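# A structural walkthrough
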Amino acid sequence: MASGQMSRDEALECTCCRHACHVLLYSETASQLFGRIPIRYIVLMQMRFDGLLGFPGGFVNPLEETLEEGLTRELLEELGVAVPVSKEDHVESCFSPPRSGTYSSSSRLILHFYVKKMEEEQIREIEKAAASTAADHGLEVLGMVRVPLYTTKSGGGLSCFLSHSFIGVARSQLMNSLLRLHLVSPGDLQEALRSSQRTHA
Ligand code: GTP
Ligand code: MN
Ligand code: MN
Ligand code: MN
Ligand code: MN
């Protein structure tokens, strides 16, 4: 386990910590951009109310709900669909890095991260609901976005996407997941990062 990481059970032993759960939802797809660039996978993120990119999910109170029940409640609020998430979908838990420049006296925050593979049709249903019936549409969540996994010749695509601003550790959660799930090869991710520094730094 990487430093700063803990198991789901270890995390829950900290009863004075606050807990938040977020999930990467994805599916395979046969769609092609411009009819020639394979999209390969649909990976969902969201534009948050604060202008930062992040994953759907939110604060969970383990005294009132399991982590996974709380995450499903947040998904109903933010996506308009109560996507069931189980313990088996849990990937990692870690302390939230302290926000630089701010002193916080409140208790520490533990971030729990999940990944769930779905069918393309289910992902499309979520996108529709998130833009219409979700209670938080236009409020906490300004819109769902798909992550471009390709890099264009002009350096657009994944490299450009990674140069945006992300909440907390969402950017590394995204990159680690793309590698772990084999959605992007290590070489292609390296190249996207290099191109991102060259083009957007
Ligand atoms: P409220 O209902 O307004 O409290 O929001 P919420 O319950 O939806 O909580 P939110 O999604 O904002 O997540 C809670 C905290 O977790 C945030 O303040 C961030 O510090 C952190 N956070 C939010 N999104 C992500 C994410 O995608 N990844 C990680 N690692 N942390 C996140
Ligand atoms: Mn929320
Ligand atoms: Mn949220
Ligand atoms: Mn909430
Ligand atoms: Mn809320």
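That block above? That's the structure.
Notes on the structure follow. Here the structure is a predicted model, which is why all the values come from computation and not from measurement. (Residues numbered from 1 in each chain as written. Chains lettered and ligands numbered in written order. Predicted model: local features only at pLDDT ≥ 70, side-chain atom pairs only at ≥ 80, totals over all residues. Heavy atoms only, no water.)

## Quick notes on helix α2 (residues 67–79)
Its 13 residues give α2 an end-to-end C-alpha distance of 18 Å, which sits within 8% of 18 Å, the value for a rise of 1.5 Å per residue. Following α2 by one or two positions, G80 has its phi on the positive side, about 80 degrees. (Helix = DSSP H or I, 4+ residues; strand = E, 2+ residues; numbered from the N terminus. Expected span 1.5 Å × (residues − 1).)

## As for the site of ligand 1
Residues in close proximity to ligand 1 total 17 residues, the closest being H22, F55, F59, E78 and Q173. Within the contact set of ligand 1, an oxygen atom lies 2.9 Å away from a backbone nitrogen or oxygen of F59. With the chains in place, 79% of the 640 Å² that ligand 1 exposes on its own is no longer accessible. Only β2 (18–28), β7 (57–60), α2, β9 (109–117) and α5 (170–180) provide two or more residues apiece to the shell around ligand 1. (Near = heavy atom within 4 Å. Polar contact = N/O pair within 3.5 Å; in protein donor to acceptor, adjacent residues only side chain to side chain. Areas by Shrake-Rupley, 256 points an atom, 1.4 Å probe, with all protein chains shown as cover.)

## Description of the pattern of salt bridges
Two side chains with opposite charge may pair up if their charged atoms get near one another. Inspection of every chain in the model, using the stated rule, returns eleven salt bridges. Residues E74 and R73 are paired through a salt bridge, measuring 3.3 Å at the closest nitrogen-oxygen approach. Classification of E74 as buried rests on a relative accessible area of 8%. Among the ionic pairs, K128 bridges to E125, the shortest N-O distance being 3.5 Å. One end of the pair, K128, and the other, E125, are both in helix α3 (residues 120–130), three residues apart, so they sit about a helical turn from each other. By relative accessible area, which is 52% here, K128 ends up exposed. A residue is classified by how much of its surface remains accessible, and E125, at 38% relative accessible area, is partly exposed. A network of salt bridges, in which partner residues are shared, links E65, R73, E74 and E77. (Salt bridge = Lys/Arg side-chain N within 4 Å of Asp/Glu carboxyl O. Buried < 20%, exposed > 50% of the residue type's maximum accessible area, 1.4 Å probe, protein only.)

## Side note on the side chain of H90
Take H90: it is sitting in strand β8 (residues 90–95). Taking the relative accessible area as the measure of exposure, H90 reaches 19% and is therefore buried. Reaching out from H90, the side chain makes a polar contact with the backbone oxygen of E92 at a distance of 3.4 Å. Setting aside anything within four residues of it in sequence, one finds H90 in contact with R8, H112, F113 and Y114. (Contact = heavy atoms within 4.5 Å.)

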